[in-house]
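# Close look at the chain arrangement
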Amino acid sequence: MADVTAHITGTVWKIECKVGQTVNAGDTLVILESMKMEMPVEATDGGVVKEIRCKETQAVSEGDVLVVLG
Amino acid sequence: MFKKILVANRGEIARRIITVARGMGMQTVAVYSDADAELPFVKEADEAVRLGPAPAKDSYLNVAALLDAAKKTKAEAIHPGYGFISENAEFAKTMADSGIVFVGPPPEAMLRMKDKSEARRLVAAAGVPIVPGTKDTVADVATALSEAERIGYPVLCKAAGGGGGIGMAVANTPAELEKVFRACVDRARAAFSRDTVYLERYFPAPRHLEVQILGDLKGHTLHILDRECSIQRRHQKVVEEAGSPLFLDGQNTSVREQLYEAGLKAAKAFGYANAGTVEFLYSDGQVYFIEMNARLQVEHPVTELTTGVDLIGWQFRIAAGEALTLKQEDITRKGHALEFRIYAEDPVKFFPSPGPLKVFQAPTGTGVRLDAGYAEGNTVTPNYDPMIAKLIISGDSRAQAIARAKDALASFKIEGIKHNVPLHLRILESEAFVAGRIDTKFLEHHAKP
């Protein structure tokens, strides 16, 4: 299991993956928005999306787990 | 002059406008979102009106709420600052229709500038040099590819109606252009509700020069000399200065004259009045018009400090119908000024870093001015752009300003967020910066940790 965390504090703009989806390292899972910038959050390793722990428009802090990969 | 004005902005610029207006004897009204209720600009105004929730569309871009606030407080004029509604001709017109003076250019002039391909056509017709590019917006990929062959690669694909680097991308090859063109059209549609884009020659490492303009409503237009803003990240300025190092010690005087003349011609072509800025690229001895910004610039203080011209004061006087009493021959530069934008962001990766300002201790000293939007104890929220303050340093010479800037930045204490003071210190350590050899790729080539 690998936790994918927010690298910035901001809000969730778009969720780009679905539970059960197979993703590769480098794929964009979530796009965060902060201070007028969109910042993609990418998978660091390949795997299957086990859980999505955020919702679009939700506020998140740096370090929060957004997606769990298995 | 107006008795009472409303400032339709936030942070450092709202604070600065309030200070100037108060100094001219006007009452001031601040407007704020829920995220900004505790910030200094809200407390420093004579009155403050809540606009709405934190998102800009519900607050600082909310035309109905702004109009209500102006009516309720009986403000006679609205100063928009920069960003938000400052370049919105519709907003300016709505205000005018309600009998409230918009402190900015005439709405017609704003409309002429807003569409960048229209703007290019207009200034080119007036004899202003423009970057080689498409005459019109580009309808499809096939047209983009044939136009790019004529212009020469690399080409820059830009959204008409864009700004601040949004919807811009570079293509080095036809294959890249196909990809970039489609992405750019999507971005233009999403961000500006129109899907028109145009192409122009991309200069890999130009300098960014600009000319400050001041014009009254009686057709009297002046230029208030140049600024250089080459040091940028993500197409946004990081360090600005007046004047450009390119022109120091009497160098490149013919380029400088060409720049001023082009700036004035462009402003007149737009029918410009009030304060505005004409932006140019400089490459290989040539200047090329990029755009005109219909507002006060973030970096206006470096002009004020070196020319003694009170730009915000003149914005109010011009909006109130007064004639410019300044003459072109009176506009001269004394000394040098540098502005460092203090961003709440990682100083290496430039990632945003909102959070609480646990410590915020401003530097002091001769020639040191800090225009800050926040005070110690405030929280920088993720809702707006990352600029929290501007450190503005002046000196008799560029070398003296650099020495003072090093001292000031070294003693600037900010804790609780990541910030770019370490980046500014690296810039000042760079031999290229000290020698004035700067271009828009400076941060990629120098000032790495």
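Calculation rules
Residues numbered from 1 in each chain as written. Chains lettered and ligands numbered in written order. Predicted model: local features only at pLDDT ≥ 70, side-chain atom pairs only at ≥ 80, totals over all residues. Helix = DSSP H or I, 4+ residues; strand = E, 2+ residues; numbered from the N terminus. Rg over C-alpha atoms; globule rule 2.2 N^0.38 Å. Buried ≥ 20, exposed ≤ 12 C-beta atoms within 10 Å, placed from the backbone. Contact = placed C-beta atoms within 7 Å. Nonpolar A, V, L, I, M, F, W, Y, C, P; charged D, E, K, R; others polar. Core = buried A, V, L, I, M, F, W, Y, C linked by C-beta atoms within 7 Å. Domains from an automatic or database assignment. Pairing = 2+ DSSP bridges. Axes fitted to C-alpha atoms, helices over the stretch in contact; angles between N-to-C directions. Parallel < 35°, antiparallel > 145°, perpendicular 65-115°, else oblique. Left-handed = near helix turned anticlockwise from the far one by under 90°.

Moving on, we get to the overall build of chain A. Scanning chain A for helices and strands turns up zero helices and eight strands. Its C-alpha atoms give chain A a radius of gyration of 11 Å, within 12% of the compact-globule value 11 Å for 70 residues. Considered along the principal axes of its C-alpha atoms, chain A spans approximately 30 × 20 × 20 Å. Looking at chain A residue by residue over its 70 residues, the buried ones come to 29%.

Along its length, chain B carries 15 helices and 20 strands. For chain B, the C-alpha radius of gyration of 21 Å lies close to 22 Å, the compact-globule estimate for 449 residues. Per-residue burial for chain B yields a buried fraction of 50% across its 449 residues. At a minimum sequence separation of 6, the contacts of chain B that also span at least 24 residues come to 65%.

In this section: the interface of chain B and chain A. Opposite the eight residues of chain B that make contact, chain A presents 10 residues. Looking at the side of chain B that touches chain A residue by residue, the classes come out as six nonpolar, one polar and one charged.

Residue and element names in this part refer to chain B. In terms of nonpolar packing, the biggest core is built from 117 residues, with Leu6, Ala30, Ile78, Ala266 and Phe280 touching the most fellow members. The leading source of residues in this core is helix α9 (residues 253–270), at seven residues. A domain split of this core shows at least three residues from each of domain 1 (4–103) and domain 3 (207–445). Once residues within four sequence positions are removed from consideration, Ala266 is found in contact with Val123, Ala126, Val128, Val278, Phe289 and Met292.

The next point concerns the sheet that holds strand β7 (residues 168–171) of chain B. All names here are of chain B. Strand order in the open sheet formed by three strands is β7-β6-β8, with antiparallel pairing between adjacent strands. Edge positions in the open sheet fall to β7 and β8 (197–201), since each of these has one partner strand only. Averaged over all pairs of adjacent strands, the angle between their axes in this sheet comes to 25°, without regard to strand direction. Sitting on the sheet, helix α7 (residues 141–151) touches β6 (155–159) and β8, and the angle it makes with β8 is about 20°.

Turning our eyes to something else, we now look at the sheet that holds strand β5 (residues 37–42) of chain A. Residue and element names in this part refer to chain A. What the four strands build is an open sheet, ordered β5-β4-β2-β7; its pairing is antiparallel. Because the sheet does not close on itself, it has two edges, and the strands there are β5 and β7 (59–60). Across two bridges, strand β2 (residues 10–15) lies against β7 in antiparallel orientation. Residue Gly10 lies in a different strand from β7, and its bridge partner there is Val60.

Time to look at the pairing of β5(A). All names here are of chain A. Across six bridges, the pairing between strand β4 (residues 28–34) and β5 is antiparallel. Paired with Ile31 across the bridge in β5 is Pro40. Linking two consecutive strands that pair antiparallel, namely β4 and β5, is a turn of two residues; a positive phi of about 50° is found at Met35 within it.

Now for the packing of helix α12 (residues 398–411) of chain B against helix α13 (residues 421–429) of chain B. Residue and element names in this part refer to chain B. Across the interface, α12 lies against α13 with an axial gap of 10 Å and an inter-helix angle of 150°. Classed by the angle they form, the pair α12 and α13 counts as roughly antiparallel. With respect to the hand of their crossing, α12 and α13 are arranged in left-handed fashion. Residues Ile402, Ala405, Lys406, Leu409 and Ala410 of α12 lie in contact with α13, whose contacting residues are Val421, His424, Leu425 and Leu428.

Domains assigned within chain B are domain 1 (4–103), domain 2 (132–201) and domain 3 (207–445). Computed over C-alpha atoms, the centres of domain 2 of chain B and domain 3 of chain B are 28 Å apart.

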